[in-house]
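What the coordinates show
Okay, here's what each chain looks like letter by letter:
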Amino acid sequence: MSVLARTTDVTRRYGGVLALDRVSIEIRPGELVGLLGPNGAGKSTLINLFVGLRRPTSGTVELLGGSPADPLVRRGIGVTPQETGLPEALRVGEIVDFVTRHYPEALAKGELLERFGLTGLERRQVGGLSGGQKRRLAVALAFAGRPRLVFLDEPTTGLDVEARRTLWEGIRAFHDEGGTVLLTSHYLEEVEALAQRVVVVGGGRVLADDTVRAVREMVGVHRISLVAPVLPELPGVLSAEREGERTHLVTHDPDRLVVALVTNGAPFSGLEIRPTSLEEAFLTLTAQTPAAA
Ligand code: ADP
């Protein structure tokens, strides 16, 4: 199957709110796709449509060659929604057993717990877990049935750095074995660390769907940093900022700027040029969202 999940021209309204506006995206086998966008962009709505929790107002959603409304089709996926409520009185091991029993080829309990940094907690009641442990358990459960495709809605929101890294390792291990993942995130660092492909959504529209690198290049902003006692007039500078003896310049055209700098003949040293971070790219892209189109 060349596509595991697909939306075609999907629009979703909640009353008068247009949450998704003619969105078409495809998730292919083996991809780890980051869905990035500000609050209210439509990320959760898109996940909920893929996993059959919502239906589109118009357009079609395909999942594993069938419909997300079909429970048999949904058996092939794993999901962790943004909010999860696990029964506080149950033990970690009991919850894992309960979930894995629904699947013919579930992952062994010990392996699942180990992958998500939960080893040794099997007999602990959920109510006695830390916030980070609860979230890791909720995410681990999405992988329990060896799904072909996993949807994670903000898997690491509210976690500290260490808990987040443990979760990333669990997600990566699944992906390294050929698993496919669509995750939403506010953490640009997370998308950058995990995903090869990033779909940027804003105002219910797909603003970009490309590699992390291409999304950065699309925005095309570079940061040039240098030490110069006197800085000449330079072309295409979007912003300039001094930090100690260094000056940081932001430009769409670093080549032209550097040529002008050298041609000018003014002394400088320590030249550094780097592409913008995904965060900067993201802010530029979402700032360009048409308010109403
Ligand atoms: P994100 O996950 O990117 O924050 P959502 O998909 O949750 O975005 O929301 C997209 C838009 O749809 C927002 O304007 C949100 O307020 C609205 N929305 C989401 N769910 C509902 C709902 N159940 N009822 C009404 N409006 C909703």
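Residues numbered from 1 in each chain as written. Predicted model: local features only at pLDDT ≥ 70, side-chain atom pairs only at ≥ 80, totals over all residues. Heavy atoms only, no water.

The chain is annotated in an unreviewed UniProt entry as ABC transporter ATP-binding protein of Nonomuraea typhae. According to the UniProt record, the Subcellular location (unreviewed entry) comment for the chain reads "Cell membrane". (UniProt positions renumbered as here; feature names shortened; annotations may be inferred.)

**Describing unusual backbone geometry**
Despite not being glycine, D9 has its phi angle at roughly 55°, a positive value. By the element assignment, D9 lies in strand β1 (residues 5-14). Even without being glycine, E154 reaches a positive phi, approximately 50°. (Helix = DSSP H or I, 4+ residues; strand = E, 2+ residues; numbered from the N terminus.)

**Some words on the pattern of salt bridges**
Within the structure shown, the criterion is met by 14 salt bridges. E26 is paired through a salt bridge with R6; the nearest N and O atoms lie 2.9 Å apart. Within this pair, whereas E26 is found in strand β2 (residues 17-27), its partner R6 is found in strand β1, the two being separated by 20 residues in sequence. Look at R6 and you get partly exposed, because its relative accessible area is 26%. As a salt-bridge pair, K134 and E88 come within 3.5 Å of each other at their nearest N and O atoms. (Salt bridge = Lys/Arg side-chain N within 4 Å of Asp/Glu carboxyl O. Buried < 20%, exposed > 50% of the residue type's maximum accessible area, 1.4 Å probe, protein only.)

**Description of the side chain of R135**
Looking at the secondary structure, you find R135 in helix α5 (residues 131-143). Put simply, R135 is tucked away with no salt bridge, and the nearest opposite charge, on D153, sits 6.9 Å away. Looking at R135, its side chain comes within polar contact range of the main-chain oxygen of E154, at 3.1 Å. Within the local environment of R135, its side chain forms a polar contact with the backbone oxygen of P155, the two atoms lying 3.0 Å apart. (Lys, Arg positive; Asp, Glu negative; His and termini not counted. Polar contact = N/O pair within 3.5 Å; in protein donor to acceptor, adjacent residues only side chain to side chain.)

**What to know about the layout of surface pockets**
When its volume is computed, the largest pocket comes out at roughly 540 Å³. Elements with a minimum of two residues in the lining of the largest pocket: α2 (71-74), β5 (77-80), α3 (92-100) and α5. The element contributing the most residues to the lining of the largest pocket is β5, with 4 residues. Partitioned by chemical class, the residues of the lining of the largest pocket number 15 nonpolar, 5 polar and 2 charged. Each pocket or cavity is described by its volume, and for the second largest pocket that value is around 150 Å³. By residue number, the principal contributor to the lining of the second largest pocket is strand β4 (residues 58-63), which donates 3 residues. (1 Å grid on protein atoms, 1.4 Å probe; cavity = no way out; pocket = protein on both sides within 12 Å on 5 of 7 lines; lining within 4 Å. Points joined across faces, edges and corners; volume = space filled by probe spheres on them. Nonpolar A, V, L, I, M, F, W, Y, C, P; charged D, E, K, R; others polar.)

**Details of the site of the ligand**
Lining the immediate surroundings of the ligand are Y14, V17, A19, P38, N39, G40, A41, G42, K43, S44, T45 and R54. One of the backbone nitrogen or oxygen atoms of A41 is found 3.1 Å away from an oxygen atom of the ligand. When the free accessible area of the ligand is taken as 560 Å², the share hidden by the protein chains comes to 63%. Where the shell around the ligand is concerned, the elements lending two or more residues are β2 and α1 (43-50). Considering each element in turn, the shell around the ligand owes the most residues, 3 residues, to α1. In terms of residue class, the shell around the ligand is built from 5 nonpolar, 5 polar and 2 charged. (Near = heavy atom within 4 Å. Areas by Shrake-Rupley, 256 points an atom, 1.4 Å probe, with all protein chains shown as cover.)

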